[in-house]
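These are the residues of each chain, in order.
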Amino acid sequence: MAEQFPKMSEKSDFPLSCDILVFGGTGDLALHKLLPALYHLHRENRLPADTRILALARSARTPEQYLALAERHCRAQVARAEFDAADWQSFAARLDYLAMDASQSADFGRLRQRLKHSAERVLVHYLATAPDLFAPIAQHLKLAGLAGPQARIVLEKPLGHSLESAQAINQAIGAVFDESRVFRIDHYLGKETVQNLLALRFANTLFEPLWRSAYIDHVQISVNETLGVENRGAYYDHAGAMRDMVQNHLLQLLCLLTMEVPVHFDAESVRDEKLKILHALRPIAGQDVQDRTVRGQYGAGHIGGQEVPAYWFEKQVDNDSDTETFVALRADIDNWRWSGVPFYLRTGKRMAKKRSEIVIQFKPVPHDLIGDGTGPANRLWIRLQPEERISLQLMAKTPGRGMQLEPVELDLNLAQASRGKRRWDAYERLLLDVIEGDSTLFMRRDEVEAAWRWVDPIIAGWQEYYQRPRNYPAGSDGPEQAQMLLELQGRRWLE
Ligand code: BG6
């Protein structure tokens, strides 16, 4: 897939100079994801030649102390063979630090002085901060004259807690930056494998004719993690898996998988098609919430042979918390193409295996000429993580006399197929898109709001019926009710 996209920095209209401001510069996102991504881009000469990176945070540090912190984290994140002392020195020359309080308007005057930004340079404001700072930062940037036509703002999730709060954020940001300059990140859209979904669908003639209810029985989308909430208990305990994963990553995967072929591969065409899917999602509310969703919470258990505590005992988590760490649900898309096809979505923390995958289960052949009618029919597995593979299960004859059938797999390992080329991290791709001003892989305001409009009634239904999360042991496949969700319809989760 990477070959099909032009290298951004080689385009003739790619900006020559750029200032990247990272608000929340000492946070996990900046240190674990953004700086390593920027280091890789620098090392491969993909940033505008004159790029400056200014990290901003409240803690009092000198730029030298910040560089030492940044180097420590980059060394830990970047593969050893790719960390080069000379490259780091030249990268560090671009990197600066300013201690400031993003809630204080006066500090933006100091920022302006330090930056000495000139209007023709692209200016990227990356808000890797808590969402309650989004609106004040946008306002302060405007007052400080740092929101001009070349300025872009990048927002990290959580983009609100509900439709209402998302609308409030969007409104406050929209008062300063027009929509074309707002980049709402869903890092799943930056993953090579997720973009490969688009290549699979729209660059091959093979699948598109079959991509509809006439041939597809059902679809499963699973994003399972073995990690717990780690150091993010304070955030996670107020969010839960529905807001943290389903509202964004899983719904985005669902949209890319099911949207109509866009007229062009550009921001508006792609996002218009995704929005239509979100609008076509059948609402789940009231009693349906009981029948079509399962929420779970992990108890104590074992991951990789190590004992791990129950969610209740995680740091900064309420010890009577009823936050869900697992969700399974059945979604239906009420449109011509997908009518009657169930989409089973599932995500959980502390599951048995880390695995993000999509399974398309095709219908059996219309007339079973050869088999005994019990064959599993064709199945397409799109494995996104940890391995990047696409496998197609076909039916073949077993060797020997007679016509016995067995399933065999056509298996494509995408990492090997890319002949040893380094696989980009999602943030590398997305950062370059922001610099270039291409919002195709970012969520538009109406998309985010449509996703909340679908998710809010489910969360309200859980409260209305007081549906406490079902317990599942860490290291398992989730609560047994999630199995029943499919079994009641004569199906099972395909592992
Ligand atoms: C983040 C969620 O958006 O995605 C995390 O907030 C989750 O809770 C993470 O762990 C998963 O991302 P990835 O890229 O590891 O699949």
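Residues numbered from 1 in each chain as written. Predicted model: local features only at pLDDT ≥ 70, side-chain atom pairs only at ≥ 80, totals over all residues. Heavy atoms only, no water.

Participant: Go over the site of the ligand with me, naming the residues and quoting the values.
Facilitator: Close to the ligand lie K157, H187, Y188, K191, E225, R232, D244, M245, H249, K349, K354 and Q385, which account for all nearby residues. Between the ligand and R232 there is a distance of 2.7 Å, counted from an oxygen atom to a side-chain nitrogen or oxygen. Q385 has a polar side-chain atom sitting 2.9 Å from an oxygen atom of the ligand. Protein chains shield 82% of the accessible area of the ligand, which is 400 Å² for the free molecule. A total of three residues in the shell around the ligand trace back to one element, the largest contributor, which is helix 8 (residues 233–258). Class assignment for the residues of the shell around the ligand results in two nonpolar, three polar and seven charged. (Near = heavy atom within 4 Å. Polar contact = N/O pair within 3.5 Å; in protein donor to acceptor, adjacent residues only side chain to side chain. Areas by Shrake-Rupley, 256 points an atom, 1.4 Å probe, with all protein chains shown as cover. Helix = DSSP H or I, 4+ residues; strand = E, 2+ residues; numbered from the N terminus. Nonpolar A, V, L, I, M, F, W, Y, C, P; charged D, E, K, R; others polar.)

Participant: Give a description of the pattern of salt bridges that names residues and reports values.
Facilitator: Pairs can form between side chains of opposite charge once their charged atoms are near each other. All told, the structure shown has 42 salt bridges when counted by the stated rule. R52 is paired through a salt bridge with D19; the nearest N and O atoms lie 2.7 Å apart. Of this pair, R52 sits in strand 2 (residues 50–57) while D19 sits in strand 1 (residues 17–23), and the two are 33 residues apart along the sequence. We classify R52 as partly exposed; its relative accessible area is 31%. Take D19: its relative accessible area is 0%, and that puts it in the buried class. (Salt bridge = Lys/Arg side-chain N within 4 Å of Asp/Glu carboxyl O. Buried < 20%, exposed > 50% of the residue type's maximum accessible area, 1.4 Å probe, protein only.)

Participant: Outline the pairing of strand 15 (residues 389–397), listing residues and values.
Facilitator: Bridge count between strand 14 (residues 379–385) and strand 15: five bridges; the pairing is antiparallel. Residue L380 lies in a different strand from strand 15, and its bridge partner there is L392. In sequence, strand 14 turns back onto strand 15 through a hairpin of three residues. The sheet contact formed by strand 15 and strand 16 (residues 405–413) spans nine bridges and is antiparallel. If you follow M395 over to strand 16, its bridge partner there is P407. (Pairing = 2+ DSSP bridges.)

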